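As a plain string of letters, each chain reads:
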Amino acid sequence: MPAATRKPRGSAPAVAAAVAVLALGGLAAWWLLRPAPASAPSPLLSTASAPRVGPWVRLQHPAYGVAVEHPADWAVEPGYESEFGAPSRLRGSDGFIGLDAIGGPRSLDEVAQGLATHPLLPYGASPAIEGATVGGQSARIIIPSVDQPEASRGEAMALVRYPAPRTIGGRPYQYFVLYADVAHLRGIAATLTFAGLR
């Protein structure tokens, strides 16, 4: 009787199982190591500038060392009549403007990023920060996303490096801040000059 050849038992199922494990392992590795999908940023509020209609007037603020133009029908907001000796916030039926300053050792980009990503999200979850030149100086424009909170709805900002640190109320400030409604920000920023800097 011829010797029976013996087939190895279970080799086909073992190979199939090994292939399945490798395939599943590769799929799992791909899933874990794949690039995360980019989250869609919130659309920005319209950055279209309001047309310059009617007369504009010049506001000079000696303490902040700036002059800007704004629509003539805007009035000083109560409580802001004489901040450091001159009005610092005006409002009209179609917009507003606010003046401020920020000091400290941080760079222009660090300050802009800090303002844009403040925990209260005053400019929404996905504001845009744009490089610009305002009044002949390096600046950053912060444009809010559509999810901007109601309390600051429509507010945008220009953060502008002073030509030289400015002393206001006995403290040094490196950056001038121009707040305005989104529709007027660029038009007002285009009129900004640094006046009376010594």
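Model, not experiment: these values are computed from the prediction.

Draft legend 1. Representation of the pattern of salt bridges within the structure. Across all of its chains, the model carries five salt bridges by this definition. As a salt-bridge pair, R58 and E69 come within 3.3 Å of each other at their nearest N and O atoms. One end of the pair, R58, is in strand β1 (residues 56-61); the other, E69, is in strand β2 (residues 66-71), with eleven residues separating them in the sequence. A salt bridge links E130 to R186, with the shortest nitrogen-to-oxygen separation between them at 2.8 Å. With E130 in strand β6 (residues 128-134) and R186 in helix α3 (residues 182-189), this residue pair connects regions lying 56 residues apart in the sequence. Overlapping salt bridges bring together E77, R89 and R91 as one network.

Draft legend 2. Just the nonpolar core, in detail. Residues Y64, I97, L99, Y162, F176, L178 and I188 are the most contacted members of the largest nonpolar core, which totals 31 residues. If you list the elements that add at least two residues to this core, you get β1, β2, β5 (95-102), β6, β7 (137-143), β8 (155-168), β9 (171-181) and α3. When residues of this core are assigned to their parent elements, the largest contribution, five residues, is made by β8. Among all residues touching L99, those that are not within four sequence positions of it are L59, H61, Y64, V68, E83, P87, S88, F176, V177 and L178. With twelve residues, the next largest nonpolar core counts I102, L108, A116 and L159 among its residues.

Draft legend 3. Structural detail: the sheet that holds β8. Strand order in the open sheet made by the seven strands is β3-β4-β5-β9-β8-β7-β6, with antiparallel pairing throughout. Strand pairing shows two members of the sheet lacking a second neighbour, β3 (75-76) and β6, which therefore form its edges. Across two bridges, the pairing between β3 and strand β4 (residues 89-92) is antiparallel. Residue A75 lies in a different strand from β4, and its bridge partner there is R91.

Conventions adopted
Residues numbered from 1 in each chain as written. Predicted model: local features only at pLDDT ≥ 70, side-chain atom pairs only at ≥ 80, totals over all residues. Heavy atoms only, no water. Salt bridge = Lys/Arg side-chain N within 4 Å of Asp/Glu carboxyl O. Helix = DSSP H or I, 4+ residues; strand = E, 2+ residues; numbered from the N terminus. Core = buried A, V, L, I, M, F, W, Y, C linked by side-chain atoms within 4.5 Å. Buried < 20%, exposed > 50% of the residue type's maximum accessible area, 1.4 Å probe, protein only. Contact = heavy atoms within 4.5 Å. Pairing = 2+ DSSP bridges.

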